Amino acid sequence: MKQLPKEFYAAMEELQAVDFVLVELTLYLDTHPEDYPSINQFNQFAKERRRLKRVVESMYGPLQQYGNSYSDYPWNWAEGPWPWQI
């Protein structure tokens, strides 16, 4: 199995925390669609998620498939770690 530096796991933990906030805000906003401060908070976390994703991908490779992430050359989707290996 491919070994990654500790920084990778810290970055993934930060990304997962932001994803958790986005899921929770999505659920909340489904029932409170006019809560303007929460919409702003959602947008701020969505922007932060894009930033974190770019950072992680620039250092360790793509995170998502189906056009959500670019691939380096050569095609690097076969390289680990796979999500279940983290």
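Where an unreviewed UniProt entry is consulted, the protein appears under the name Spore coat protein CotJB, with the organism given as Mesobacillus subterraneus.

Enquirer: Could you give an account of the packing of helix H1 (residues 6-31) against helix H2 (residues 36-60), naming the residues involved and the relevant values?
Expert: Look at H1 against H2: their axes get within 9 Å of each other, and the N-to-C directions meet at 155°. One finds that H1 runs roughly antiparallel with respect to H2. In the crossing of H1 with H2, the sense of the turn from one axis to the other is left-handed. Considering only residue class, the contact of H1 with H2 consists of 17 nonpolar, three polar and seven charged.

Enquirer: Quick one: what's the story with H1, residue by residue and with numbers?
Expert: In this model, H1 (26 residues) spans 39 Å end to end at C-alpha, consistent with the 38 Å of a helix rising 1.5 Å per residue. Of the positions making up H1, those classed as buried are Phe8, Ala11, Met12, Leu15, Val18, Leu22, Leu25 and Leu29. On its buried side, H1 packs onto H2.

Cut-offs applied
Residues numbered from 1 in each chain as written. Predicted model: local features only at pLDDT ≥ 70, side-chain atom pairs only at ≥ 80, totals over all residues. Heavy atoms only, no water. Axes fitted to C-alpha atoms, helices over the stretch in contact; angles between N-to-C directions. Helix = DSSP H or I, 4+ residues; strand = E, 2+ residues; numbered from the N terminus. Parallel < 35°, antiparallel > 145°, perpendicular 65-115°, else oblique. Left-handed = near helix turned anticlockwise from the far one by under 90°. Nonpolar A, V, L, I, M, F, W, Y, C, P; charged D, E, K, R; others polar. Expected span 1.5 Å × (residues − 1). Buried < 20%, exposed > 50% of the residue type's maximum accessible area, 1.4 Å probe, protein only. Contact = heavy atoms within 4.5 Å.

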